Amino acid sequence: MLETIQTFIANNAVMLSASVLILAYIFIALERIPKVTIALIGAVAVILLNLVSQTKTVDGAINPHYYINFVDFNVIFLLVSMMIIVAITTRSGIFNWLANELLKFTKGRPVKILFMLGIFTAVVSALIDNVTTVILILPITFAIVKKLDINPIPYLIVEVFASNIGGTATLIGDPPNIIIGSAAGFSFMDFINELTGIVAIILLAVIFVMYLLFRKKLTTTEEKMKSVMEIDNSKTIEDKPLMIRSLLVLVLVIAGFVLHDKLHLETSTVAMIGACALLLFEKPTEILRDVEWNAIFFFIGLFIIIGALEASGGIKLMAQWLIDVTQGSKAMTCGLVLWISGIASGIIDNIPYTATMAPLIAEIQRELGAAYAYPIWWCLSLGACLGGNLTIIGAAANVYVSENAANKGYPIGFLYFMKYGAICVFISLVLSSAYIYLRFLR
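Residues numbered from 1 in each chain as written. Predicted model: local features only at pLDDT ≥ 70, side-chain atom pairs only at ≥ 80, totals over all residues. Heavy atoms only, no water.

(A) Region of the structure containing the overall build of the chain. When helices and strands are tallied, the chain shows 22 helices and 2 strands. Taken over the C-alpha trace, the chain has a radius of gyration of 23 Å; the compact-globule value for 442 residues is 22 Å, and the two agree within 12%. Within the chain, buried positions represent 53% of all 442 residues. Taking the intrachain contacts of the chain between residues at least 6 apart in sequence as the baseline, contacts between residues at least 24 apart amount to 78%. Of the roughly 19,800 Å² of accessible surface on the chain, a fraction of 65% belongs to carbon and sulfur atoms. (Helix = DSSP H or I, 4+ residues; strand = E, 2+ residues; numbered from the N terminus. Rg over C-alpha atoms; globule rule 2.2 N^0.38 Å. Buried < 20%, exposed > 50% of the residue type's maximum accessible area, 1.4 Å probe, protein only. Contact = heavy atoms within 4.5 Å. Areas by Shrake-Rupley, 256 points an atom, 1.4 Å probe, with all protein chains shown as cover.)

(B) Quick look at the packing of helix H6 (residues 110-127) against helix H7 (residues 130-148). In the contact formed by H6 and H7, the axes pass within 9 Å of each other and the chain directions differ by 165°. The orientation of H6 relative to H7 falls into the category roughly antiparallel. Considering the relative orientation of H6 and H7, their crossing is right-handed. Contacts between H6 and H7 pair Ile 113, Leu 117, Phe 120, Thr 121, Val 124 and Ser 125 from the former with Asn 130, Thr 133, Ile 137, Thr 141, Ile 144 and Leu 148 from the latter. Looking at the contact of H6 with H7 residue by residue, the class counts come to 7 nonpolar, 5 polar and no charged. (Axes fitted to C-alpha atoms, helices over the stretch in contact; angles between N-to-C directions. Parallel < 35°, antiparallel > 145°, perpendicular 65-115°, else oblique. Left-handed = near helix turned anticlockwise from the far one by under 90°. Nonpolar A, V, L, I, M, F, W, Y, C, P; charged D, E, K, R; others polar.)

(C) Helix H16 (residues 293-311), seen in detail. Compared with an ideal rise of 1.5 Å per residue, which puts 19 residues at 27 Å, H16 spans 27 Å between its outermost C-alpha atoms and is within 8% of the ideal. Gly 313 sits one or two residues past H16 and shows a positive phi near 95°. (Expected span 1.5 Å × (residues − 1).)

(D) Molecular detail of the pattern of salt bridges. All chains considered together, the criterion is met by 5 salt bridges. Glu 363 is paired through a salt bridge with Arg 366; the nearest N and O atoms lie 2.8 Å apart. Highlighted residues: Glu 363 and Arg 366, both in helix H19 (residues 350-368), separated by 3 residues, approximately one helical turn. Note on Glu 363: relative accessible area 9%, which makes it buried. When salt bridges that share partners are traced, they join Arg 91, Glu 286 and Asp 290 into one network. (Salt bridge = Lys/Arg side-chain N within 4 Å of Asp/Glu carboxyl O.)

(E) Expanded view of the packing of aromatic side chains. Taken as a whole, this structure holds 18 aromatic pairs when the rule is applied. Aromatic side chains Phe 208 and Tyr 211 sit 6.1 Å apart centroid to centroid with 45° between the ring planes, which places their arrangement in the tilted category. With a gap of 3 residues between them, Phe 208 and Tyr 211 both fall in helix H10 (residues 188-214), about one helical turn apart. Relative accessible area serves as the criterion here: at 43%, Phe 208 is assigned to the partly exposed category. (Phe/Tyr/Trp six-rings, centres within 6.5 Å; stacked < 30°, edge-to-face > 60°.)

All quantities given are derived from atomic positions and should not be read as evidence of function.
Dropping the structure here:
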């Protein structure tokens, strides 16, 4: 009986591993069970089904199907380390101080505030993760709109869009880019060189269109505009020595990302050095509470599930299908990956989507070469990160903002958000398509 089951599993490994992945996607989309729970259950399932191996070695040799081998620890340690650095830096109050100064610079003018909040959110999201960015900016946003007595929803929607757009620009700005960077071997500067320019254009275009759509709601009185100038920012910095220390480390870590090729250090190693330097002055127990462990274990479980599909040969089959459909046309492959990624990432979380697509493109790279696959990686990055703006569940930052807004008495409905999200994503993907063509394909 046991042998029959083992034979069935071996003969149907692709179907079984794909079924576990699809079921995981379905339950993630339904949001009835926490994502981390689904990912870990799926990981246990593929291990118990022997779709990935529990043993590190076989006959004295390294087992390539050992489940730990499929966990990308470069991604894991980069995320954990950056969460530690941001958690410590946040305690100094520097992010709130910067936000207040930027808002005072606008002199309380609602339209200027919209552009300033959007640009500020995007820039910060490029340097730290987009969820942390919206966590930092939301209290400031609500304080400002309360003083101006205006509806916060236009600002919240623009901040969501800006956080996902800005996060697209760098290796560390959005989790999909961390996955792509690790899988493709791209450096921090690769992302800067290839994506920052087009991301800046997309950001300005989206904010301008949102201004046109929301302009009737962006009005207040002169008296209320002056009240913004009265914000007391003198006590926002809670710990100056911590601010100096954490900013110094943050700058050095970003410099390390830029130079990691020349330093012969992985980005995760650079981030770990920075995190350790800051932890020397802190109580680790308190700081580690601020690490989003749910996200970390979600990644681990997901890597193992996708590893089962890779070990069974399913990823290779998918890659071959894509090559066959496009008949080897680089332009068609780029277009499909960009637009499918943009739409799919708005329907399902862009993290599991990217984690599934990355090994598929890696397989295409093995089949057709690095030069062929190079622009396809950037299509995946642009599609997965920018597509997260399509719906309220497309990215973690969207979910956080919508829940926070609802708690404040300003619910953002799924269809209401999608009305603006569809416009944002359409603009983003059209501009991205033009960029990919002009940069890589003509």
